[in-house]
Amino acid sequence: MKQYPAKETVYYDNFRDFLNDAALRYGESPAVTCYNRKGEAHTRNYRQLKEDAFAFGEALCGAGLSGKHAALISENSQEWLTAWFGVAASGGVTVCIDIEHRDETIIAMAAQADAEILIVSPSMLFLGRRIVAENSNIKKLLVTGSDPDGQFEAMAQFTQRLLEEGSGREAMKLCRPKKEQTATIVYTSGTTSTAKPVMLSQHGILRNAGDSLTLLDSGKKVFNTLPLYHTYGFTCGVLCALIRGIEVGLSCDLKRMIQEMTYFKPNTVVAVPLIIEAIHKLAWSYIKNSCSGDAADRLMKLENFLGRPNRLMKEKVKKAFADTCLKDLEYILSGGAHLSEKVAQDLEHFGIVVLQGYGITECSPSISVNRNEDYRLDSVGLVLPSYEVRIVDDEIQVRGVPLMNGYYKQPELTAQSYDGEWFKTGDLGYLDKQGHVHITGRKKNLIVMKNGKKVAVEEMEEEMKKLPLVKEAMVYGAKSGISEDDVKIAVMVYPDQEAAKDMTSYEILEQLQEYVDRLNAQLPTYKQIQMVNIRDTEFERTSSNKIKRQLV
Amino acid sequence: MLERLEEIIYQVTGKNNLNLTDDTDFVKDLELNSFDVMNIISALEDLYDVDIPTRDVWQLRQVKDAVEYLKAKGVEEQ
């Protein structure tokens, strides 16, 4: 087996050291670029990235808010990164919140994670106001951009004001972050009853990003399509690139991602299967516009026969992709869910290599990633240097430095998720002889959607059972497309025979649908139940009284 | 507005002859994925020059939700 040397990387103990060193190494090189609606670029270089973060950190120290928990409730933006880095550099903890959650869930998460500072974007200000009114722990609300009513201070104005007062600089020197200390609390998917607040340490996150770089080469420009409140977006989409001095294009508006990508022209895109499939569709449309689809099909078949993807199509693809967002695209980093192999194979013919990785929030998040030189489309790659993987009863278990500090204030839940030093991922898989990790399924009952979102089925089933008409319910992912994760959420109900005795099947379905519609109205789109079925027999159960899901 | 919406959906997804009604559900009836819905909303933003925050997009499930949302933003039906 051919040996490949580890690629160059840098490891840091904490985010203050990282920001200092990155500014020294890469100074005036572009660090992060965002685009506004008019397509105008806003770029901060490595020196400014550090200055912005340190200024905010000093302001927090000056205001007596160092070391506090700050909930970030915002879409992607430059200020999101400034806030995150500023809090981390001044020894605080950022609570990263997925803004797709319902208002009540976000309020509960901020309270559960003991947030004392809120940093909200203008579109989330209405919720920030509500949290301030309901949660007496909140000492400060800051707005990225500005508050049209002028009630709350803008983050930039707060930073400026405190810097002028000048008391923060000395205070910041005293609150140097320690390497093991928690830098962020990130919620896993689910509602407050099932979402777990994961504490990740300063050096754990930095080690994980540094480790990925030993395997990955991503060119000069990386475009992150993912929300920063997920560790996959933050660590893999942004931090990895910044450690290496690469320019990051940050998608700040999901709706305009393709336009943003067209302005940026990345070499690497970091994405989930949903977006990769959209890129695949787009690539095909460019190719069909430029030459006939049949001709492309024939060439691809011939390339398959020769075992040399992108050999014969190279020139055609180059012409088809000229001036589009795919012009310079060489790699797509895929994670969060399973990607159809067909999509990855097609993209390979177009000269775009998909490198699959695997991780979960608790692991900061990457466990394995494919290397550019010996990638495989049927595997999620090689285990990162700081991790060891073992397989127990088909379950993947992980041990190593970047693992989480535990679930916040939930020692029992933390203990349950470990077997000694080994973290139990709940994913099933195996390692092949070359050390490549393969995922075969899940121990936990989770539906994984194409966008990487996970739906805990038991939680949804409990909601269904609140309706007296429902005796038993089973929520599952009904296949709705080609790929494995192309699913819609469906529910199979066994009605309560007493409650349903005078009803026709149609009436039962109608009542169930009405209830589901009400339930859906409270859920984010990806969690909504799209299909309701009834059955006339009880579910078969295992000896431990669990529904035999695979039989349905 | 329905005609314009139908045209936009065609441009974004290639689906036509949709016979949209107020109750048409983007995900359930038209089988669009969240990426398609995002692109459609983005086209509406450009057409009517309004800002629609990403989080609000998830509330726009049916045609009537989108129409009412735009009206609330001051867009007049033409």
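The structure displayed is predicted, hence computed values, not measured ones.

Caption draft 1: Here's a closer look at the overall build of chain A. Counting its regular elements, chain A contains 17 helices and 27 strands. Its C-alpha atoms give chain A principal-axis dimensions of roughly 75 × 65 × 50 Å. Here chain A holds 552 residues, and 58% of them are scored as buried. Taking all contacts inside chain A whose residues are at least 6 apart in sequence as the whole, residues at least 24 apart take part in 65%. Taking the average place of the 67 positive charges on the side chains of chain A and the average place of its 73 negative ones, the gap between the two points comes to 4 Å.

Caption draft 2: Representation of the domain arrangement of chain A. As assigned here, chain A comprises domain 1 (15-217) and domain 2 (449-551). The straight-line distance from the C-alpha centre of domain 1 of chain A to that of domain 2 of chain A is 38 Å.

Caption draft 3: Here's a closer look at the sheet that holds strand E4 (residues 93-96) of chain A. All names here are of chain A. The strand order across the open sheet formed by 8 strands is E7-E6-E5-E3-E4-E8-E9-E19, and the pairing between neighbours is mixed. Among the strands making up the open sheet, the edge pair consists of strand E7 (153-154) and strand E19 (406-407). As paired strands, strand E3 (residues 69-73) and strand E5 (residues 117-120) are joined by 4 bridges and run parallel to one another. Among the inter-strand pairings, Ala70 is bridged to a residue of E5, identified as Ile117. In the packing of helix H3 (residues 78-89) onto the sheet, contacts are made with E3, E4, E5 and strand E8 (182-187), and the angle to E4 comes to roughly 140 degrees.

Caption draft 4: Geometry of the interface of chain A and chain B. Taken together, the contact between chain A and chain B spans 31 residues of the former and 22 residues of the latter. Summing both partners gives a buried area of about 2,100 Å² for chain A against chain B, and 46% of it is carried by carbon and sulfur. Broken down residue by residue, the surface that chain A buries against chain B is led by Arg37, Lys255 and Thr525 of chain A, which jointly contribute 32%. At the surface where chain A touches chain B, the tally comes to 8 salt bridges. Notably, a salt bridge pairs Asp51 of chain B with Arg37 of chain A, separated by 2.9 Å at the nearest N-O pair.

Caption draft 5: Spatial organisation of the packing of aromatic side chains. Residue and element names in this part refer to chain A. Under the counting rule described, the total for this entry stands at 17 aromatic pairs over all chains. Each ring, one from Phe56 and one from Phe158, has its centre 6.2 Å from the other, and the planes form 65 degrees; the classification is edge-to-face. Of the two residues, Phe56 is situated in helix H2 (residues 46-62) and Phe158 in helix H6 (residues 155-165); the sequence distance between them amounts to 102 residues. Each member of the pair Phe56 and Phe158 is classed as buried. Taken together, the ring pairs connect Tyr12, Phe15, Phe18, Trp80, Trp84, Phe85 and Phe234 into an aromatic cluster. Between the NZ or CZ atom of Lys288 and the centre of the ring of Trp284, over which it lies, the distance is 5.0 Å.

Caption draft 6: View of the pairing of strand E18 (residues 395-400) of chain A. Residues and elements named next belong to chain A. Relative to E18, strand E17 (residues 387-392) runs antiparallel, the two being bridged by 6 bridges. Within E18, the position partnered with Arg390 by the bridge is Gln397. For E18 and strand E21 (residues 422-431), the ladder comprises 3 bridges, and the chain directions are antiparallel. Its bridge partner lying in E21, Glu395 is registered against Leu428.

Caption draft 7: Summary view of the environment of Glu76 of chain B. Position of Glu76 of chain B relative to the elements: it lies in the segment after helix H4 (63-72). Taking the C-alpha atoms as reference, Glu76 of chain B lies 22 Å from Met38 of chain B; in sequence the two are 38 residues apart.

Caption draft 8: Representation of helix H8 (residues 202-213) of chain A. If you check H8 of chain A, its first and last C-alpha atoms are 17 Å apart, about what 12 residues at 1.5 Å a residue would give, namely 16 Å. Of all 12 residues that make up H8 of chain A, 11 are buried, and the element is covered over most of its length.

Caption draft 9: Region of the structure containing H4 of chain B. Residues and elements named next belong to chain B. Those residues of H4 that fall on the buried side of the exposure criterion are Val63, Ala66, Val67, Tyr69 and Leu70. Projected onto a plane normal to the axis of H4, the buried residues spread over an arc of 165 degrees and lie on a single side. The elements touched by buried residues of H4 are helix H1 (2-13), helix H2 (34-48) and helix H3 (54-57). Directly after H4, the chain includes Gly74, whose backbone phi takes a positive value near 95 degrees.

Rules used in this analysis
- Residues numbered from 1 in each chain as written.
- Chains lettered and ligands numbered in written order.
- Predicted model: local features only at pLDDT ≥ 70, side-chain atom pairs only at ≥ 80, totals over all residues.
- Heavy atoms only, no water.
- Helix = DSSP H or I, 4+ residues; strand = E, 2+ residues; numbered from the N terminus.
- Buried < 20%, exposed > 50% of the residue type's maximum accessible area, 1.4 Å probe, protein only.
- Contact = heavy atoms within 4.5 Å.
- Lys, Arg positive; Asp, Glu negative; His and termini not counted.
- Charge placed at Lys NZ, Arg CZ, Asp CG, Glu CD.
- Domains from an automatic or database assignment.
- Pairing = 2+ DSSP bridges.
- Axes fitted to C-alpha atoms, helices over the stretch in contact; angles between N-to-C directions.
- Buried area = accessible area lost by both parts, 1.4 Å probe.
- Salt bridge = Lys/Arg side-chain N within 4 Å of Asp/Glu carboxyl O.
- Phe/Tyr/Trp six-rings, centres within 6.5 Å; stacked < 30°, edge-to-face > 60°.
- Lys NZ or Arg CZ within 6 Å of the ring centre and 35° of its normal.
- Expected span 1.5 Å × (residues − 1).
- Arc of directions from axis to C-beta.

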